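Summary of structural features
The primary structure of each chain is shown beneath.
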Amino acid sequence: VNLGTGNQELMADLVFSGLVDVDKDEVTILPDLATTWEVSPDATVYTFHLNPAAVWSDGKPVTADDVLWTIAWSAQNPTAFKQIPVTAWLEVKGAAADAGTTNTPVGAKAIDANTVELTLEKPDSTFLRTLAGAVYYILPKHKLDGLTAAQADTCPFCLGTVGETIGSGPFDFSESISATGASFTAKKNYWKGKDSQIDTLVYKIQDSSVSVAQLAAGVLDLTIRVPPAEGPGLANVAGRKQLNGPGGGVCDVHCENTNTDKAQGQATGHPANQPA
């Protein structure tokens, strides 16, 4: 619920799955829990077909009920998401009116155990890409049913606890989350048909300068977001490879201007909203 930092999102990605994922180009939509999907011509109805092999860490199947529960809980408790809001779930028809209730949005329907149909209040051609984001993981109804917004701040499942936090992703917690990180163990016979090539993963939260030094010394195998000034010092470290990938940034432009001319506003806003 309180996902908001890069560390939290990266650790959650190891344990949980969404309906869909996104490729490294940050554009191409990939299957995750849903193997296939259809979109109505007006981009208001999205139908997802779940992989019948998908299971939670405890072996129970991932079903349409889990998807509906996740959407319903989000609609019922929107203020529980304190850092990144669940805007896409709130686009589902009826979701905005369900805050504080026990209702499931009228736009969320289970066609069968492995098929979910989501009808939006209005067209959104970016809905699939949004669902590939961090806060749209599908959660286990059988584990969390009855959870209140207040409990979400302290429940063992919500804090990333060994034996309590189960997911449908490729890893499980082998060391609970703390201020310094967590440890993960790869699942065997993972339902997607291919186990991770990394059996154990230790995720450390620490200052980047410490990570760079440990990478150079061979203590770490990988570090992310190396400060530009530190890059040259790693260039000649044997066996180390630098990878640069696309990323996102946020830039807010605030104009103190009382001019309400529509054409001028459009001329200012259009280039500011274009990708770099």
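Residues numbered from 1 in each chain as written. Predicted model: local features only at pLDDT ≥ 70, side-chain atom pairs only at ≥ 80, totals over all residues. Heavy atoms only, no water.

1. Observations concerning the overall build of the chain
Along its length, the chain carries seven helices and nine strands. Within the span of the chain, comprising 276 residues, buried residues form 36% of the whole. Here the contacts in the chain between residues at least 6 apart in sequence split such that 54% fall between residues at least 24 apart. Counting only carbon and sulfur atoms, one obtains 54% of the accessible surface of the chain, whose full area is about 15800 Å². (Helix = DSSP H or I, 4+ residues; strand = E, 2+ residues; numbered from the N terminus. Buried < 20%, exposed > 50% of the residue type's maximum accessible area, 1.4 Å probe, protein only. Contact = heavy atoms within 4.5 Å. Areas by Shrake-Rupley, 256 points an atom, 1.4 Å probe, with all protein chains shown as cover.)

2. A few points about a negative patch on the surface
A surface patch of negative charge is lined by Asp13, Asp21, Asp23 and Asp25. Locating Asp23 in the fold gives a position in the loop between strand E1 (20–22) and strand E2 (29–31). With a relative accessible area of 31%, Asp23 lands in the partly exposed category. (Patch = residues over 30% accessible without salt bridge, like charges linked within 9 Å, V, L, I, M, F, W, Y side chains within 5 Å. Salt bridge = Lys/Arg side-chain N within 4 Å of Asp/Glu carboxyl O. Lys, Arg positive; Asp, Glu negative; His and termini not counted. Charge placed at Lys NZ, Arg CZ, Asp CG, Glu CD.)

3. Structural notes on the nonpolar core
The biggest cluster of nonpolar side chains holds 59 residues, and the ones touching the most others in it are Leu19, Phe48, Trp89, Leu118, Phe127, Leu131 and Phe184. Counting five residues, the second largest nonpolar core, distinct from the first, contains Val212, Leu215, Leu220 and Leu234. (Core = buried A, V, L, I, M, F, W, Y, C linked by side-chain atoms within 4.5 Å.)

4. Quick notes on the pairing of strand E8 (residues 181–186)
For E8, the tally of buried residues reaches five of six residues, placing the bulk of the element in the interior. Bridge analysis of strand E7 (residues 171–178) against E8 gives five bridges, and the strand direction is antiparallel. The residue of E8 that forms the bridge with Ser178 is Gly181. What sits between E7 and E8 in their antiparallel hairpin is a turn of two residues. (Pairing = 2+ DSSP bridges.)

5. Comments concerning the pattern of salt bridges
According to the stated counting rule, one finds five salt bridges in the structure shown. One salt bridge in this structure joins Lys192 and Asp32, with 2.8 Å as the shortest N-O distance. Taken together, the positions of Lys192 in the loop between E8 and strand E9 (200–204) and Asp32 in the loop between E2 and strand E3 (34–39) put the pair 160 residues apart, joining distant regions of the chain. Across the pair Lys82 and Asp153 runs a salt bridge, and its minimum N-O distance is 3.3 Å. Of this pair, Lys82 sits in the loop between helix H2 (64–76) and strand E5 (108–112) while Asp153 sits in the loop between helix H4 (141–144) and E7, and the two are 71 residues apart along the sequence. By relative accessible area, which is 52% here, Lys82 ends up exposed.

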